[in-house]
Each structure stands twice: as structure tokens, then as C-alpha cells.
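Reading the structure
Residue-level listing of the chains:
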Amino acid sequence: MDNVIVIPRGIESYKLCFGMGVLVGMGIDYRVNSGSQVAMALNERRRERTLELENGLVLESDTNGVKILSSGNPNDCKVNVRVAHHA
Amino acid sequence: MHDLIILGQGPSMHNCPFDTETWASLTILGHKEYEDAPISKVFLFDMPENKPDEALGLVVAQRRGIPIVSNKGLPCVTEAYPMKAIVERFRSIFFMNDTSYMIALALYKGYKSLLLWGVDQSDEHMYIIARKYVTYWLGVATGMGVHWEMAPDSLLWRKGV
């Protein structure tokens, strides 16, 4: 079962990027199901609507900029985390 | 004692102790006070002709025989940045400024303790844009158990920005 981390909206992108980096450093695969701060932060340079990497990371944003999960708190961004391996 | 100093171009660079192996942007060698600094490697990710400081730094690096690391296929490059290997290793292409590339390479090469000087960003605009790329790789370092520290007057964690 995936672990779910709920990230409140409004978190500064540089702090969020730090957290994502920690996951990468620990060797934890993660999938982002919502746009919000994560997609805006990590997708910025690619300027693509959808960015998919081999490790299962998927960033999605619609033409309006942010896609919010319909389940759970609509103000939150959900990140599904699967423990894959350790660095 | 840290394994490696990563030197940026922010104001705190002037207090860098240079007491261990030091990596820096090529631009830093373009500053007169650093012409003879004990810098082990310099990194180049912009075209030198687009930045006067970088062009000057290139002259100094070549005169002193300092390795020039880059992912660009330029004749002046003496050491290829292992981009493909790093992307495969960390499954990330989240790079922007020289500091992000330097941290990633240090982690790839197995350095265990990093000290960042001058990582304040060159001006307000660059600070805001590039900060997340630096904090991402510092996060990777944290996840890997690599010890890292910022210079005492680094602005990286300045609140309200």
C-alpha cells in the first residue's frame, strides 16, 4: 500500500523541493497526483503540461495551472510514496 | 573538516577559508581577487562569450591548468560533466545554476561532507529563481546522509523571501 503524504498548499516551493530531494536521497519513489506547488516547482523549466519520468514521477498541470485532487481536502496536494529501495 | 567546499558568487564568498578541496563557477576566476585562489575545479554551464566574467575566468583557468567541467562540448572543457550518469543515478533533471550541478556531482562522487560558501545567489532575481534548485539537491544530500553546512552569512534560508 502506498504511503500518502499530504502537503498543504501555500508551502514555499524551495521548502517543498528540499523535501522532495530528501525522498530522492533516501531512494524513495514518489508520484505526484496533483499540480499545485509540486508541479509548479519541479516542472517549471520543462514548461510541459505533463512530465513523466521512469521512476514513476508524474507531474501534471492543466492549462489553468493547477490540478487539485478531488478526494480529500481540495486545498491539499497529495503525494503517493512507494518505498522502492534505499540509496 | 569538510571534504569539499562549493563556492558560489554571493557576498559570503569573500570569507571562504579555502582549507579543503574547492569547486567554483568559472566566473569566480574572472574576479581579480580570486585569480590565484586554490580552486580545484571550475564549472561552466553558460557560453563564455555571453558573460565577460566567465570569459576572463576561462583565461585564468587555462593559464593555471585548473580542470574545467561542463556538459557542453566546448574545446575549453577538460572534464565532461557526467550528466547521463547523474540523471540515471538520481533520476532527476532538476538543475539550473552552477551550484545545483556542483552539489549533484559531489553526491555522485561520494563526498560525505560539504561546505557551501557564497551560495547567496548573485542578485535578488537569481536568488528567487535558483534557490529551489539548490535546496532540492541539499535535500538529496540530506536523504543520503551527507553532512552539509552553509556559510555563516549565507542567505539561503533567509525568511520572508
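Residues numbered from 1 in each chain as written. Chains lettered and ligands numbered in written order. Predicted model: local features only at pLDDT ≥ 70, side-chain atom pairs only at ≥ 80, totals over all residues. Heavy atoms only, no water.

Let us now look at the environment of Cys17 of chain A. Turning to its location among the elements, Cys17 of chain A is positioned in helix H1 (residues 13-26). Counting along the chain gives 10 residues from Cys17 of chain A to Gly27 of chain A, while the straight-line C-alpha distance between them is 15 Å. (Helix = DSSP H or I, 4+ residues; strand = E, 2+ residues; numbered from the N terminus.)

Here we take up the pattern of salt bridges. All names here are of chain B. Counted according to the given criterion, the structure contains 3 salt bridges over all chains. Here Lys32 makes a salt bridge to Glu35, at a shortest N to O gap of 3.9 Å. Classification of Lys32 by relative accessible area gives exposed; the value is 68%. In this structure, the salt-bridge partner of Glu88 is Lys84, at a minimum N-O distance of 2.8 Å. In this pair, Glu88 and Lys84 are both assigned in helix H2 (residues 83-90), 4 residues apart and thus about one turn of the helix distant. Look at Lys84 and you get exposed, because its relative accessible area is 63%. (Salt bridge = Lys/Arg side-chain N within 4 Å of Asp/Glu carboxyl O. Buried < 20%, exposed > 50% of the residue type's maximum accessible area, 1.4 Å probe, protein only.)

Residue and element names in this part refer to chain B. Of the two faces of strand S1 (residues 4-7), both are covered, the one formed by Leu4 and Ile6 as well as the one formed by Ile5 and Leu7. Here S1 pairs with strand S2 (residues 21-25) via 4 bridges, running parallel. Its bridge partner lying in S2, Leu7 is registered against Ala24. Judged from the 4 bridges that link them, S1 and strand S6 (residues 113-117) form a sheet pairing that is parallel. Along S6, the bridge assignment pairs Ile6 with Leu116. (Pairing = 2+ DSSP bridges.)

What follows concerns helix H1 (residues 52-64) of chain B. Residues and elements named next belong to chain B. For H1, with 13 residues, the first-to-last C-alpha span of 19 Å sits near the 18 Å given by 1.5 Å per residue. For H1, every residue scored as buried is listed here: Glu54, Gly57, Leu58, Val60 and Ala61. Each element contacted by the buried residues of H1 is listed here: strand S3 (41-43) and strand S4 (68-70). Within two residues after H1, Gly65 carries a phi angle of roughly 75°, on the positive side. (Expected span 1.5 Å × (residues − 1). Contact = heavy atoms within 4.5 Å.)

All names here are of chain B. In this fold, Lys41 is placed in strand S3. At a separation of 2.9 Å, a polar atom in the side chain of Lys41 contacts the side chain of Glu79. Not counting residues up to four positions away in its chain, the partners in contact with Lys41 are Thr22, Trp23, Ala24, Ile66, Pro67, Val69 and Glu79. (Polar contact = N/O pair within 3.5 Å; in protein donor to acceptor, adjacent residues only side chain to side chain.)

Scope: geometric values only; no functional claims are made or implied.
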